[in-house]
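Notes for the structure review
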Amino acid sequence: MWRALRAELLYFLPWLLGGLGIAAFVVVLLSGLVRFLEDGEGPPSFVITIFPIIAGMVVAFIAQSYRVEERRARLLMAGPLTPRQLAGVTVLLPVCFASLGVLAAVPMVGLATLITGKFEPSTLPIVAGFAGQFWAYAQLGPLAQESSAARRQQRSTAAMTGWAVFVGAILVLTASQFLMNSIYGLLWVAMVAVAAMGVAAALYQRRTDFTR
Amino acid sequence: MNDQKRETTPAAHLSGLTKQFPGFKLGPLDLVLEPGTVVALVGPNGAGKTTTLNCMAGLMVPDEGGTEVYGAQVHSSRTEYRRDVGYVGEEGGFFQRWTVSRNLAFLAELLPGWSRDRAQQLSERIALPMDKPVGKLSRGNKTKLALVAAMAHRPRLLLLDEPTSGLDPVVRAEVLDLLWEIIEDGEHAVLYSTHVLSDINRLADELVFLRDGQIVLRTGRDELSERWRRVSFRLSDDDLKLAGIVEHRRVRAEHQVITRDSEETLRQLTELGAEAVEVSRMSVDEIAVQILKEGHHVARTEG
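If you're wondering where the values come from, they're calculated on a predicted model, not measured in any experiment. Throughout this description, residue numbers start from 1 for each chain and increase along the sequence as written. Written order decides the labels, with chains lettered from A and ligands numbered from 1. Where totals are concerned, whole chains, interfaces and linings use all residues; where local detail is concerned, this predicted model gives features only for residues with pLDDT of at least 70, and gives and counts side-chain atom pairs only at 80 or more.

With that settled, the discussion passes to the overall build of chain A. Looking only at helices and strands, chain A features 7 helices and 0 strands. Of the regular secondary structure in chain A, the N- to C-terminal order runs α-α-α-α-α-α-α. Segments assigned H or I by DSSP are reported as helices when at least four residues long, segments assigned E as strands when at least two residues long, and all are numbered from the N terminus.

On to the domain arrangement of chain B, then. What fixes the domain bounds is an automatic or database domain assignment. Once the domains are mapped, chain B shows domain 1 (3–223) and domain 2 (229–281). Relative placement of domain 1 of chain B and domain 2 of chain B: their C-alpha centres are 40 Å apart.

It is worth spelling out the sheet that holds strand β6 (residues 85–88) of chain B at this point. Note on sheets: strands pair through backbone hydrogen bonds, and any given pair is parallel or antiparallel. Residue and element names in this part refer to chain B. In short, DSSP must find at least two bridges between two strands for them to pair. Pairing in this open sheet of 6 strands is mixed, and the strands run β6-β7-β8-β3-β9-β10 from one edge to the other. If you trace the sheet from one side to the other, it starts and ends with β6 and β10 (214–220), each paired once. Each strand of the sheet is rotated relative to its neighbour by a mean of 15°, with strand direction disregarded. Of the strand pairs in this sheet, β6 and strand β7 (residues 157–161) are connected by 4 bridges, and their pairing is parallel. When the sheet's bridge partners are listed, Gly86 is paired in β7 with Leu158. Along the sheet face, helix α5 (residues 139–151) touches β6 and β7 and points at about 170° away from the line of β6. Here the axes come from fitting lines to C-alpha atoms, over the contacting stretch only for helices, and the angles between their N-to-C directions go from 0 to 180 degrees. A residue pair is marked as a contact if its C-beta atoms, positioned from the backbone, fall within 7 Å.

Turning to the environment of Ser31(A), a few remarks are in order. Residue and element names in this part refer to chain A. With respect to the helices and strands, Ser31 occurs in helix α1 (residues 2–37). Its 23 C-beta neighbours within 10 Å are what place Ser31 among the buried residues. Distance from Ser31 to Leu114, taken between C-alpha atoms, is 9.3 Å for residues 83 residues apart in sequence. Burial is judged by counting the other C-beta atoms within 10 Å of a residue's own C-beta: 20 or more makes it buried, 12 or fewer makes it exposed, and any count in between marks it as partly exposed, with every C-beta position built from the backbone.

Below, the discussion takes up the pairing of strand β11 (residues 229–234) of chain B. Residue and element names in this part refer to chain B. Along β11, the buried face is formed by Arg229, Val231 and Phe233; none of Arg230, Ser232 and Arg234, which line the opposite face, is buried. Pairing of β11 with strand β13 (residues 254–259), which is carried by 6 bridges, proceeds in the antiparallel orientation. Looking at β13, one finds that Ser232 is bridged to Gln256. Pairing geometry for β11 and strand β14 (residues 275–281), over 5 bridges, is antiparallel. Bridged to Arg230 within β14 is Ser280.

So, on to the packing of α5(B) against helix α6 (residues 169–183) of chain B. Residue and element names in this part refer to chain B. Interaxial distance between α5 and α6 falls to 10 Å at its minimum, and their mutual angle equals 15°. When the axes of α5 and α6 are compared, the pair comes out roughly parallel. Considering the relative orientation of α5 and α6, their crossing is right-handed. From α5, Gly140, Thr143, Lys144, Leu147 and Met151 reach across to α6, where they touch Val171, Val175, Leu178 and Ile182. Each residue gets one label: Ala, Val, Leu, Ile, Met, Phe, Trp, Tyr, Cys and Pro are nonpolar, Asp, Glu, Lys and Arg are charged, and the others, such as Gly, are polar. Tallied by class, residues from the contact of α5 with α6 come to 6 nonpolar, 2 polar and 1 charged. When describing relative orientation, an angle under 35 degrees is termed roughly parallel and one over 145 degrees roughly antiparallel, while 65 to 115 degrees is termed roughly perpendicular and anything else oblique. Two helices crossing with the near one rotated counterclockwise from the far one by less than a right angle form a left-handed crossing, whereas a clockwise rotation gives a right-handed crossing.

This part is about the environment of Thr219(B). Here Thr219(B) is to be found in strand β10. When the C-alpha atoms of Thr219(B) and Arg116(B) are compared, they prove to be 38 Å apart, with 103 residues separating the residues in sequence.

Right, let's get into helix α5 (residues 124–152) of chain A. Helix span is expected to be 1.5 Å times the residue number reduced by one. For α5(A), spanning 29 residues, the distance from its first C-alpha to its last is 43 Å, which sits close to the expected 42 Å at 1.5 Å a residue. Within two residues after α5(A), Gln154(A) carries a phi angle of roughly 60°, on the positive side.

What follows deals with the packing of α1(A) against helix α4 (residues 83–116) of chain A. Any two packed helices are characterised by the angle at which their axes cross and by the distance between the axes. Residues and elements named next belong to chain A. Contact geometry of α1 with α4 gives a least axis separation of 9 Å together with a crossing angle of 25°. The angle between α1 and α4 falls in the class roughly parallel. Seen along the crossing, α1 lies across α4 with a hand that is right-handed. When grouped by side-chain class, the residues that make up the contact of α1 with α4 number 21 nonpolar, 3 polar and 2 charged.

Pasting the structure below:
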């Protein structure tokens, strides 16, 4: 499974690098502008970190939707991979890109700190809140795909369960906006993301058609 | 499983395979494919050919029944059978922006039994552009790549879903030549789906005709071309009751019939005193059209 996941990550890596390149450009531009035009007042750290995180998330969304039929066929015929392992690849792809976006945010904050001379560790919960929300929404992609597939394959109970979890997840994520800067808010968001991953993986394993 | 047992075990055994979609039901299909045989699965679009092959490859889970490949049950959560299966389907399943060689390297990493030598040999044989991204390959080259990818791990069963569909005559001939070379060692069992019977006619040992999700006929290739004939004759009797007739036309005083049992038809015509009897051979495609058109008149197994 890890080899397949690695191959999928490598395939989408140029997209991620392109996105991070744009994010770095925006970070430098924004930091420089604020530094030189507003007397040393730099943008808050959370604004800087959002760009690479968004880049990771955009690639996560692309990876979920780009030629998914082809990926299923490729992975299923490419070796001794079981549907459970394939489900693992499918739900781990967004997590991996999200994590890479978060990792890339660290040097960019360093870069912005160098330019603006300002560092705000107190904004970390806000950054975590944004990253968590993006991650949870990215995990809803595979859940929606698998719920639709279950409906097409006339697995009514599975489809209803999938869509119920999807709607529940949206409600919880909306409600968690009010707890954005607290640890409870983060926990709720993390629970939604993990639940979406689990249900999407379970639905994937029970597919009766891996071609569509 | 030891080699001796593998030889006696069918390459593929479909038993009661059933798959239902809204408005379409495949099967129940029962079919045995012996090792070393080439079977053409012939049918019009929507007959259930792709569904059959997808179920055999483990890409679809049948509603009932199942498939065994060399004795191993085809099941999406068990992977033993995949070693023996090479599949060329509608979805190539390649990384479009990666080159041919990088795609083959990816498969080499994952597929047990993959032979880099064989992959290279086959690629050179058909002049695959190894450094070109798959997304920029012509349709013919994509088909060739799919064949290399399906065969480099030396599977014993090849499932080919209309591999020459949409190819120009030159590339089609190249692909068929390659297939011919691959299967002439007699070690591969092949199930080749097509709606153009002339493509597979020289390769196939047997023909299985599928219509509306059901097998309407399974027959040997030679038996088919030996028995089906177009016969014209003169006979005053309008109400003809001849054995094996699948189509009958009357043009003025002449009767024109298509028979699936020419020997019996000619014997009866002699008895009836038919005059000006002329017999002509039919192409396999003409026969296929008749079978698929008149499938309900044809026995399930002929010969």
